[in-house]
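Architecture at a glance
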Amino acid sequence: MITPASLNYGSDQSGLIWGFIFGRDERATLINSADALSWLKNHEQHSAHEFIWLHFNLSNTASEKWITEHAGVADEFNEALHDGSRSTRIELADNTLIAVVNDVLHNFSLDSADIATLWLSVTQRVVISARRTPLKSIERLRQAVEHGDAIRSSVELLVHLLRDQADVLVKIVRDAVARVDKVEDNLLAGRLNRQRGDLGALRRILVRLQRLLAPEPAALFRLLQKPPVWVAELDTQELRQSTEEFSVVLSDMSSLQERIKLLQEEIAAQVNEENSRSLYVLTIVTVLALPINIIAGLLGMNVGGVPLAEHAYGFWIVAGIVATFTVVAGWFVVRKQNQD
């Protein structure tokens, strides 16, 4: 049997990370691959309320072989494992729900927004999930099952996973909002630093998350309109509610992206204003220094006939001329500023 201490991100020889049987006791029963194989071979002899959940690590090359030989998954599930498309979707194939769910990695952070894919095959009696890297939502689901959450059907397990994923997204949005609030506070305090670059990176991450995690509406609509006959009406309603919750989170993410865009525009406007101010000051200094530069250039030429060269008060006369022209230039600058 698998012990709680061995519930890590590794797997046994068959590629199974963990397995549970539901409907036998009040709490789900933890099983290993041998128990799972025995149950699958004799599932018709068990209670109709029982169903099994097996979670595999696809990094173990034995996983796909075990799933194909013993789990009886639809061909569409095997095709999805090797399909280049990673869009989140839930489709009906051969009376089986095939779900492709993109999820954030277990060590997710907004600085390294890595996303990986989880594949699920859901029938009335068997749920198969598989991934290549540890994911947050599926780990939350395992913890919920271990803590005794009541899961009455295989579809409810899928709904629970979608809600866990929505909760993970809510936390991501909250963390992103906190970072945006900090940037906004720095903006109001006049501390720009690298805030514009940080906002750009955060916005790109949110756009990527929204693009990959948003379920395909067409596939969900078809499924909710014509669910499999073995899916209870209550499960269909809960699946519809979970997709609506997902839509709310994605809407909040879109609003946050728009807020980030406005902050970027505000920061860009402030940067342009500061650049304009600096250019204006530089222009004033250049205008005020123009008379002395011209006169100094003329008097500094090594040619004969430099005026006032032998005059006793020549320096003060030239200084007065320079001061006069500087005052006149300054008066023109001030007058122009007042007119603007």
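These numbers come from a predicted model, not from an experiment.

Now for the packing of aromatic side chains. Working definition: an aromatic ring pair is given by the centre-to-centre distance plus the angle between the planes. Taken as a whole, this structure holds 5 aromatic pairs when the rule is applied. When the centroid spacing of 4.7 Å and the interplanar angle of 10 degrees are considered together, the rings of F22 and F51 count as stacked. Here F22, found in strand β1 (residues 16-22), pairs with F51, found in strand β3 (residues 51-57); they are 29 residues apart in sequence, far enough to count as distant. Ring centres of F56 and W66 lie 5.3 Å apart, and the angle between their planes is 40 degrees; on these two criteria the pair is classed as tilted. In this pair, F56 is assigned in strand β3 and W66 in helix α2 (residues 62-71), connecting sequence segments 10 residues apart. Per residue, the accessibility class of F56 equals that of W66, and both read buried. Taken together through their ring pairs, the aromatic side chains of W18, F20, F22, F51 and W53 make up a single cluster. The side chain of R142 reaches across the aromatic face of W18, ending 5.5 Å from its centre.

Interhelical geometry of helix α4 (residues 136-146) versus helix α5 (residues 154-188) gives an angle of 120 degrees and a closest axis separation of 8 Å. Taken together, α4 and α5 sit at an angle that is classed as oblique. Remark: the crossing between α4 and α5 carries right-handed chirality. Contact with α4, carried on its side by K136, S137, I138, R140, L141, A144 and V145, involves L157, H160, L161, D164, Q165, D167 and V168 of α5 and no other residues of that element. Tallied by class, residues from the contact of α4 with α5 come to 7 nonpolar, 3 polar and 4 charged.

Before going further, it helps to examine the pairing of strand β6 (residues 115-122). In terms of burial, β6 is a largely internal element, 8 of the 8 residues being buried. On β6, burial covers both faces: I115, T117, W119 and S121 on one face and A116, L118, L120 and V122 on the other are all buried. With 8 bridges connecting them, strand β5 (residues 96-104) and β6 associate as antiparallel partners. Opposite N102, over in β6, you have T117 as the bridge partner. With 5 bridges joining them, β6 and strand β7 (residues 126-131) adopt antiparallel strand pairing. Bridge pairing in β7 links V122 to V127. Joining the antiparallel neighbours β6 and β7 is a turn of 3 residues.

Conventions and cut-offs
Residues numbered from 1 in each chain as written. Predicted model: local features only at pLDDT ≥ 70, side-chain atom pairs only at ≥ 80, totals over all residues. Heavy atoms only, no water. Phe/Tyr/Trp six-rings, centres within 6.5 Å; stacked < 30°, edge-to-face > 60°. Helix = DSSP H or I, 4+ residues; strand = E, 2+ residues; numbered from the N terminus. Buried < 20%, exposed > 50% of the residue type's maximum accessible area, 1.4 Å probe, protein only. Lys NZ or Arg CZ within 6 Å of the ring centre and 35° of its normal. Axes fitted to C-alpha atoms, helices over the stretch in contact; angles between N-to-C directions. Parallel < 35°, antiparallel > 145°, perpendicular 65-115°, else oblique. Left-handed = near helix turned anticlockwise from the far one by under 90°. Contact = heavy atoms within 4.5 Å. Nonpolar A, V, L, I, M, F, W, Y, C, P; charged D, E, K, R; others polar. Pairing = 2+ DSSP bridges.

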